[in-house]
Number of protein chains: 2
Amino acid sequence: MKTLYKNGTVLTFNEEGSVVVIRNGYLGVENDRICWLGDTPPEGDYDETKDMAGKIILPGLYNCHTHSPMVLLRGVGSDLPLDQWLFGEVCPIEDKLTPDDIEAGSYLALMEMIAGGTVSFSDMYFSPERTATAVANSGMRANINRPVQSFDPNERPEDSVRIKEAQALYEQFNGCADGRVLIDWCIHAEYTCTEQIVRAVSDLCRQVNGNLHIHLSETEKEHLQCKEKYGKTPAEWFEVLGAFDCGAFAAHCVTLEDGDIEILKRHDVSVIHNPTSNLKLGSGIAPVQKFIDRGLNVALGTDGAASNNNLNLFEELHLAALINNGELRDATVMTADSVLKMATVNGAVVQRRKDCGKLAVGYKADFIAVDTDRPHMTPCLDVPSLLVYSAQASDVALTVCDGKVLYENGEYKTIDSEKTYYNVRKTVERLYG
Amino acid sequence: MKTLYKNGTVLTFNEEGSVVVIRNGYLGVENDRICWLGDTPPEGDYDETKDMAGKIILPGLYNCHTHSPMVLLRGVGSDLPLDQWLFGEVCPIEDKLTPDDIEAGSYLALMEMIAGGTVSFSDMYFSPERTATAVANSGMRANINRPVQSFDPNERPEDSVRIKEAQALYEQFNGCADGRVLIDWCIHAEYTCTEQIVRAVSDLCRQVNGNLHIHLSETEKEHLQCKEKYGKTPAEWFEVLGAFDCGAFAAHCVTLEDGDIEILKRHDVSVIHNPTSNLKLGSGIAPVQKFIDRGLNVALGTDGAASNNNLNLFEELHLAALINNGELRDATVMTADSVLKMATVNGAVVQRRKDCGKLAVGYKADFIAVDTDRPHMTPCLDVPSLLVYSAQASDVALTVCDGKVLYENGEYKTIDSEKTYYNVRKTVERLYG
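Predicted model only: the values in this text are computed from it and were never measured. (Residues numbered from 1 in each chain as written. Chains lettered and ligands numbered in written order. Predicted model: local features only at pLDDT ≥ 70, side-chain atom pairs only at ≥ 80, totals over all residues. Heavy atoms only, no water.)

**Student:** Before we move on, could you go through the overall build of chain A and cite the residues and values that matter?
**Tutor:** Within chain A, the regular secondary structure consists of 15 helices and 18 strands. What you see for chain A is a C-alpha radius of gyration of 21 Å, in line with the 22 Å of a compact globule of 433 residues. Each principal axis of the C-alpha distribution contributes one length, and for chain A these read about 65 × 50 × 40 Å. Every one of the 433 residues in chain A was classed for burial, and the buried ones make up 65%. (Helix = DSSP H or I, 4+ residues; strand = E, 2+ residues; numbered from the N terminus. Rg over C-alpha atoms; globule rule 2.2 N^0.38 Å. Buried < 20%, exposed > 50% of the residue type's maximum accessible area, 1.4 Å probe, protein only.)

Encoded structure:
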C-alpha cells in the first residue's frame, strides 16, 4: 500500500537536528515507512493520493512521561499542595481502581492523545498489561512499565511482587505489536524505594539492555529530604546504586544541582520536562536551558491528567517555549524550533526508537497534519512559531502511526469511542458516586 | 424573543464574587438580557428551547488588553528580544498597513475571539474607526481607543494629530451599537509620551468621566529608564500628571514596586495581566498575587497576536493559573476560580459595563457554552478546574453576546468568514510578498 500526501507544508529535521520546512511538499508512504519526501513529486504509482493543502505535516508527538489512566482522576484535588493532592485526594481514589477501570481509562487517554497529535508515550502506572493491550489495539506506540516501589526496609528483591510483575510484563509485551509496544523498567522515585530494590531493578534492566524510567528531584522537599537521609542528592543516590548504568530517563528534574546535571550527562540520562505539572503543583520551573547547554537530551511530558489536567502536548510545547524566557527575562532562551525537537526527535531518543521521531526516507511513517485554515492559524508566516505559539491540539486533523491512519477529521479509526465513553461513565459513577 | 437554554451546567458568580455551579441549570434569555437562572424551569412561554446537555455555560470572556489587527503580524519576529522584535520586525510591517488592512485584520481577530469564547475586548491600535465599525457589525462588545504618542518634546497638545483623532473617535463611536462599543482614552506608555501630552489626554478623559488605557512597567528596562530620567517610577510619573484621576487600567505591570501598587490602589486602577506576552518577550512574571492581596482589580489580556501569538483567552486562563504557582513554588497561589473571575467579572469592571460579566437575572445575555463531550473534557468532576486546566478554546460551541448568537458549532452568524479570509490573503500577499 502506497499513499502520497501532497501540497502540504512539511516540517521535519535535518541531520544536525535543525528544523527544515518544505512548502508544497510531497510525503510518500509505503506500508509503515516513509518512501519519499521532497518538494517534487516522486516517480512511480501510488494507490492513493491525499491533498494536504492548508495543512502542516510534522512528526507525531512524543509524551515521554505520563500516567495515562489517571485521566479518570482529571480535576481531582485541583489547586492543592502536592502532599494534600496526592495523599488526601488522589490515593484514596486510586485505591478503588480495578484493572477494568485502568483499561477504560487507558482507552480514554489514547483517544485524547491521538486526537491531539501524540503518536507515542512513556507510561508509568499500575495494571500496565491493560494499557499495553489497549496501545497494541490502538495502533499507537508506547513504552510501558510496571513501577516498582518498596516501603518496607527489609523487603528482599526476590520477595517483591512489583518486581515479579515488572518481569512478567517485560516477557509478555516487550516488542509486541510490530515493536510498537516496548517495555521499560521503572523505579518510581527515591522517596518510595529502598536501596536493595533499586539495585535489583537496575540489574534486571541492565541484563536486557533495558530503559529505566524514574521520577527525579521533582520538588525541593524531596531533594532536601534525600540529602538529609543519605547525604546524597537523589541523582547521586541513584548513580551509586547503578540505576544509570544502563539507559535511563528522569522525569521532572526541577531541583537538580549542577553536579547532578554532570551525573546525568556522564550516563547519558535523558530529562523529561513536564512544565504544566511542575507549575500546577507548585514544584517550580526546571532549568531546561542548563540541561540543553550541557548537552542533555530533553524531551517533553504531560505527567498524569490529575496534575495537568490533560494530555495535550501542544500545551507543553507552548509552556516549554515560554516559561524559561519569563523566568530568566530573556526572549531568546527557548525557541519554537528547540521545543518542537524536544517533542519529536528527542522523544524518540528517549524511547530508543531509532527510525522514528522525524520525517525522512526509511523512517517510520508517524506523522500528524495540523489545519491552518482557521482564524488563529492565519496567516501562516512562520511555521514552527505557528505550531508552538498559535496552535491548539484540536487543530490536528490527521494522526498517522506506523503508516496507519488512527484519526482523521474528528473520527477515530482504531478505537471504539462510544464503547470507551460508556466504560468510563460506568467507572466514574462507581468511583465518585 | 425568549430563548431557554436548558440541561447545561451553568457556572456563574454570586454577590461576593465566588463561583457558583448549577448542574442541570436553566438559563432564560429575553432579547438582550437574562430573565431566568436556576435549577428549576421558569414559568411562562419561550419562543425557543435549546438543549445544552454535556455543555458548560459560563459568562463570555473579556480580553482587556490587545491590539487586535496585529493578527496580521502573527509569527513576525518570534523568539527575538523585545527591542529587535518591535523595531526590527514589527514596526517596518506596521508602516505599510492601510486602513483597509486594519479592517481585514480586525475581522480576522473578531473571528478568532468569537470562536474562542471572547465577547468583549479592550483594543489599542491605529485606524480604530475601522475596528469599531467591525465590532458594531459583529455583535461583539469592545472598548476601543486611539493611542496617543508624542516623541517631540515641544509638541503642544493643541497640535497633536493623535489627540484630535482620539476626540473624533470618541464623538463618533462612544456608546454606539446599543452601547456595545465604548471609546476609551489611551496614552501608549511613559516612554512614548511627553508630560504635556499626558496631562492633556488625562484632562480630556476626566472631562467625559472616561476610561484611560495605558501600558505600565512592562519591562525592567522601561521601569529603570523612567526612574533615571524622571526620578520617578512610571506609576509615580503618571500619578503626578493626573493620568489616574479618572478611571484607568494598566496593562502588564510586571515590574511594579510596592509603592506603585499603593498608587494603583489609591486611584482604583485595574491591572491587566498578560501572561503569555510577558513570558514570550522575556519581560517576566507579574506579581499577580500581590495585586490581588492588595485588593486591586485584575483582569486578563492576550496582548497583540505578534507577541502571543493568538487571541486565545483559554490559554491566558491556563497560564495565569499556573505561572505564579511555579514561580512561588506554591500550588495554592492562583486557583481556577480566581482566574475565571479575572476573565469575566473583573473584565466587565475594567470596561465599566455594570450589567455584564456574570450570569444573573437582569444582566446582559453574554455567555458561551463549552462542550465537555470530548476525551480531554471527560470526566467533568470539577467544573472550574476543567475550564481552566483541561479545556481548549476550540471547545467553545456557542458564543452569545447581547442575547444574539454570534457563533454556533463552528459557524459564524454575523461575520462573512470567506470574505474576511479573502481580504486577509490580499493584505498578507502585499505585506510579505
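**Student:** Break down the interface of chain A and chain B for me, citing the residues and quoting the values.
**Tutor:** In this assembly, 63 residues from chain A lie in contact with 63 residues from chain B. Interface area for chain A against chain B, summed over the two sides, is near 4600 Å², with a carbon-plus-sulfur share of 59%. A per-residue breakdown of the area chain A buries against chain B is headed by A:D79, A:R329 and A:P375, which together make up 15% of the total. Applying the counting criterion to the chain A and chain B interface returns two salt bridges. With its nearest N and O atoms 3.5 Å apart, the salt bridge here joins A:R329 to B:E220. Only α2 (99-115), α9 (275-280), α11 (313-328), α14 (383-390) and α15 (417-432) of chain A provide two or more residues apiece to the side of chain A that touches chain B. Tallying contributions element by element places α11(A) first for the side of chain A that touches chain B, with seven residues. Residues that form the side of chain A that touches chain B fall into these classes: 30 nonpolar, 22 polar and eleven charged. (Contact = heavy atoms within 4.5 Å. Buried area = accessible area lost by both parts, 1.4 Å probe. Salt bridge = Lys/Arg side-chain N within 4 Å of Asp/Glu carboxyl O. Nonpolar A, V, L, I, M, F, W, Y, C, P; charged D, E, K, R; others polar.)

**Student:** Which residues make up the side chain of A:N278, and what are the values?
**Tutor:** Note that A:N278 resides in helix α9. Given the relative accessible area of 1%, A:N278 is considered buried.

**Student:** Now, about the layout of surface pockets: what can you tell me, with residues and values included?
**Tutor:** In this structure, the largest pocket occupies an estimated 1200 Å³ of space. Taken together, 40 residues line the largest pocket, and the ones lying closest to its centre are B:L86, B:F87, B:H188, B:Y191 and B:T192. The dominant element in the lining of the largest pocket, judged by the number of residues it contributes, is helix α1 (residues 82-94) of chain B, at eight residues. For the lining of the largest pocket, the per-class residue count stands at 16 nonpolar, twelve polar and twelve charged. Approximately 1000 Å³ is the volume found for the second largest pocket. A:R374, A:S394, A:D395, B:R374 and B:S394 are, among the 49 residues lining the second largest pocket, the residues nearest its centre. Mapped by element, the contributors of at least two residues to the lining of the second largest pocket are α2 and β16 (396-401) of chain A together with α2 (99-115), β16 (396-401) and α15 (417-432) of chain B. Considering every element that reaches the lining of the second largest pocket, the biggest residue donor is α2(B), with four residues. (1 Å grid on protein atoms, 1.4 Å probe; cavity = no way out; pocket = protein on both sides within 12 Å on 5 of 7 lines; lining within 4 Å. Points joined across faces, edges and corners; volume = space filled by probe spheres on them.)

**Student:** Tell me what's going on with the relation of the copies chain A and chain B, and back it up with residues and numbers.
**Tutor:** The transformation that overlays chain A on chain B combines an axial shift of 0.0 Å with a rotation of 180°, and the residual RMSD is 0.0 Å. Each copy turns onto its partner about a two-fold axis. When the interface residues of chain A are mapped onto chain B, 100% of them again lie at the interface, so the same face is used by both copies. (Least-squares fit on C-alpha atoms with pLDDT ≥ 70 in both.)

**Student:** Give a detailed account of the domain arrangement of chain A, specifying residues and quantitative values.
**Tutor:** All names here are of chain A. By domain assignment, chain A separates into domain 1 (2-59 + 358-412) and domain 2 (61-350). Centre-to-centre, using C-alpha coordinates, domain 1 lies 28 Å away from domain 2. Contacts between the two partners involve 27 residues from domain 1, matched on the other side by 30 residues from domain 2. Buried area between domain 1 and domain 2, summed over both chains or domains, comes out near 2300 Å², and the portion from carbon and sulfur atoms is 71%. Between R141 and D366 there is a salt bridge, with the nearest N and O atoms lying 2.7 Å from each other. Counting every contact that joins domain 1 to domain 2 gives four residue pairs in polar contact (both at pLDDT 80 or more). (Domains from an automatic or database assignment. Polar contact = N/O pair within 3.5 Å; in protein donor to acceptor, adjacent residues only side chain to side chain.)

**Student:** If you had to explain a negative patch on the surface to someone new, which residues and values would you point to?
**Tutor:** Together, A:E30, A:D45, A:D47 and A:E48 give the surface a local cluster of negative charge. Locating A:D45 in the fold gives a position in the loop between β3 (33-38) and β4 (48-51). (Patch = residues over 30% accessible without salt bridge, like charges linked within 9 Å, V, L, I, M, F, W, Y side chains within 5 Å. Areas by Shrake-Rupley, 256 points an atom, 1.4 Å probe, with all protein chains shown as cover. Lys, Arg positive; Asp, Glu negative; His and termini not counted. Charge placed at Lys NZ, Arg CZ, Asp CG, Glu CD.)

**Student:** Any details on the pairing of strand β3 (residues 33-38) of chain B? Residues and values, ideally.
**Tutor:** Residue and element names in this part refer to chain B. Pairing analysis gives five bridges linking strand β2 (residues 19-30) to β3, with the strands arranged antiparallel. In the strand pairing of β3, E30 is matched with R33. Between β2 and β3, which pair antiparallel one after the other, the connecting turn spans two residues, and N31 there sits at a positive phi close to 55°. (Pairing = 2+ DSSP bridges.)

**Student:** Give a description of the side chain of B:H215 that names residues and reports values.
**Tutor:** Residues and elements named next belong to chain B. Of note, H215 is situated in strand β11 (residues 211-216). Take H215: its relative accessible area is 5%, and that puts it in the buried class. Here H65 takes part through its side chain, which lies 3.2 Å from a polar atom of the side chain of H215. At a separation of 2.9 Å, a polar atom in the side chain of H215 contacts the main-chain carbonyl oxygen of H188. Non-local contacts of H215, meaning those with residues more than four positions away in its chain, are made with H65, H67, M124, I187, H188, A189, E222, F238, A251 and H252.

**Student:** Go over the pattern of salt bridges, please, and point to the residues and values.
**Tutor:** Residue and element names in this part refer to chain A. Enumeration according to the criterion identifies 48 salt bridges over all chains in this entry. Residues R141 and D402 are paired through a salt bridge, measuring 2.8 Å at the closest nitrogen-oxygen approach. One end of the pair, R141, is in strand β8 (residues 141-145); the other, D402, is in the loop between β16 and β17 (404-408), with 261 residues separating them in the sequence. By relative accessible area, R141 is classed as buried at 2%. On the basis of relative accessibility, which here comes to 13%, the residue D402 falls in the buried class. Notably, a salt bridge pairs R374 with D395, separated by 2.9 Å at the nearest N-O pair. Linking R374 in the loop between β15 (367-371) and α14 with D395 in the loop between α14 and β16, this pair joins segments that are 21 residues apart in sequence. Take R374: its relative accessible area is 24%, and that puts it in the partly exposed class.

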